[in-house]
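Understanding the architecture of this molecule
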Amino acid sequence: MSYKTDAFSFIGVKKKVNQDALIIKQAKTADGGNVCMACLCDGMGGLSQGEVASATFVKRMDEWFKNELPRVLMPSDITEDLTQEMDAYSHYWGQIKAQWQGIIQKTNERLMRYGEDRGIELGTTVVAIIIINDEYMVMNVGDSRAYELDERRIKLLTHDHSYVQREMDLGNMTLEEAQNSNKKSLLLQCVGASEVVIPDFYQGYANTPHKFLLCSDGFWRKLEDDEMIEVCKQQNGLEKLTDAVVARGETDNISSLLISV
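Description of the structure in this document. (Residues numbered from 1 in each chain as written. Predicted model: local features only at pLDDT ≥ 70, side-chain atom pairs only at ≥ 80, totals over all residues. Heavy atoms only, no water.)

On to the nonpolar core. Cys39, Phe57, Trp64, Ile96, Trp100, Val126 and Ile130 are the most contacted members of the largest nonpolar core, which totals 32 residues. At the level of elements, β2 (20–28), β3 (34–42), α1 (50–73), α2 (85–118), β4 (126–132) and β5 (135–141) are the ones that each hand at least two residues to this core. Among the elements that line this core, the one with the most residues is α1, at eight residues. (Core = buried A, V, L, I, M, F, W, Y, C linked by side-chain atoms within 4.5 Å. Buried < 20%, exposed > 50% of the residue type's maximum accessible area, 1.4 Å probe, protein only. Helix = DSSP H or I, 4+ residues; strand = E, 2+ residues; numbered from the N terminus.)

Given below as structure tokens:
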């Protein structure tokens, strides 16, 4: 299985700094398989140096892909007892999840110390995906999102860690009220500005021909599902969708990436 990728990030019409950061990496496994990892972070717009927080997390994921993932996929301590396919599956997916949880916690602590030393507050959302052959795992913190698309359908894979999402979950707010709320950007947790960060994880199969879309809230807030399905099929689709969002009045940083399998 091979992967085609695209990415687009726009500073916005009013922002002086793009506080979003993203990365896409691909590699071959020892047995001839394929791996694709992507991460998108939205530095907290209302906090100082959000771009530092987002860039710090993306850089750490880049280091993990280069240095730690190869050891997970080819562990030196595998014995003959770990030869069944399901055992191998459980081994590396469990390892990756544990390592990503560790990256979340350690980066959160690092950013909090950085902020305390300088008397500032900074943080970032995180949405990340790794696809190994025909399976995937997604992690998210905050309100950056991951979607799965095919030719006719789109499915939201993540669940926002936001005030308005919680209120909708509790039945206290309708979707329309959430979209118009002055608290729609208020997060319940983010990396760097929360004492405790608990990421969500989602796993599934990457069936062909599917696409995975990762995006910041500046991208998804003013788009309909149908147009995301249709325009993501097109050349430069992410740029076209960004232009549409800007035309509808979005002023935030706008970032997205697309992986086609």
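Our next topic: the sheet that holds β2. The strand order β2-β3-β4-β5-β8 describes an open sheet built from five strands, whose pairing is antiparallel. Strands at the two margins of the open sheet, each flanked by one partner only, are β2 and β8 (200–205). Averaged over all pairs of adjacent strands, the angle between their axes in this sheet comes to 10 degrees, without regard to strand direction. Where β3 meets β4, six bridges bridge the pair, whose relative direction is antiparallel. In the strand pairing of β4, Ala38 is matched with Ile129. (Pairing = 2+ DSSP bridges. Axes fitted to C-alpha atoms, helices over the stretch in contact; angles between N-to-C directions.)

What follows deals with the sheet that holds strand β7 (residues 154–156). With antiparallel pairing, the five strands of this open sheet are ordered in space as β1-β10-β9-β6-β7. Both outer strands of the open sheet, β1 (4–10) and β7, are each paired with one neighbouring strand and no more. Sheet twist, expressed as the mean angle between neighbouring strand axes with direction ignored, is 15 degrees. In this structure, β1 lies alongside strand β10 (residues 254–260), joined through seven bridges in antiparallel fashion. Opposite Lys4, over in β10, you have Ser260 as the bridge partner. Docked against the sheet, helix α7 (residues 237–247) engages β1, β9 (211–215) and β10, running at close to 25 degrees with respect to β1. (Contact = heavy atoms within 4.5 Å.)

Attention now moves to the state of the cysteines. This model, assessed by the stated rule, comprises zero disulfides. Left without a disulfide partner, Cys41 is nearest to the cysteine sulfur of Cys39, which lies 3.8 Å away. For Cys41, a relative accessible area of 0% corresponds to the buried category. (Disulfide = S-S within 2.5 Å.)

Turning our eyes to something else, we now look at the environment of Asp150. Relative to the assigned elements, Asp150 resides in the loop between β6 (145–149) and β7. Judged by its relative accessible area of 17%, Asp150 is buried. Separated by 110 residues in the primary sequence, Asp150 and Ser260 place their C-alpha atoms 9.5 Å from one another. In this structure Asp150 touches Pro209, His210 and Ile229, once residues within four positions along its chain are discounted. For Asp150, the side chain forms a polar contact with the main-chain nitrogen of Arg152, separated by 2.9 Å. A polar atom in the side chain of Asp150 sits 2.6 Å from the backbone nitrogen of Arg153. (Polar contact = N/O pair within 3.5 Å; in protein donor to acceptor, adjacent residues only side chain to side chain.)

This part is about the environment of Val246. Take Val246: it is sitting in helix α7. In this view, Val246 contacts Phe10, Val13 and Ile254; residues no more than four positions away in its chain are not counted.

Before going further, it helps to examine the pairing of β9. Burial analysis of β9 places five of its five residues in the buried class, the great majority of the element. Side chains Lys211, Leu213 and Cys215 project from β9 onto one buried face, and the interleaved Phe212 and Leu214 project onto a second face that is buried too. Two elements, β6 and β9, share five bridges in a ladder whose sense is antiparallel. Residue pairing in the sheet places Arg145 in a bridge with Cys215 of β9.

So, on to the packing of aromatic side chains. Two aromatic rings, taken as a pair, are described by how far apart their centres are and by the angle between their planes. Considering all chains together, one arrives at three aromatic pairs under this definition. Residues Tyr92 and Trp93 carry aromatic rings whose centres are separated by 5.5 Å and whose planes lie at 45 degrees to one another, so their mutual orientation is tilted. Residue Tyr92 is classed as buried on the basis of its relative accessible area of 17%. In this structure, Arg145 packs its charged tip against the face of Trp220, placed 3.4 Å from the ring centre. (Phe/Tyr/Trp six-rings, centres within 6.5 Å; stacked < 30°, edge-to-face > 60°. Lys NZ or Arg CZ within 6 Å of the ring centre and 35° of its normal.)

Right, let's get into the layout of surface pockets. Taken as a whole, the largest pocket encloses approximately 920 Å³ of empty space. Those elements that provide at least two residues to the lining of the largest pocket are β6, β7, α3 (163–169), α4 (175–180), α5 (217–220) and α6 (225–231). Along the lines of polarity and charge, the residues of the lining of the largest pocket split into 13 nonpolar, 13 polar and 15 charged. (1 Å grid on protein atoms, 1.4 Å probe; cavity = no way out; pocket = protein on both sides within 12 Å on 5 of 7 lines; lining within 4 Å. Points joined across faces, edges and corners; volume = space filled by probe spheres on them. Nonpolar A, V, L, I, M, F, W, Y, C, P; charged D, E, K, R; others polar.)

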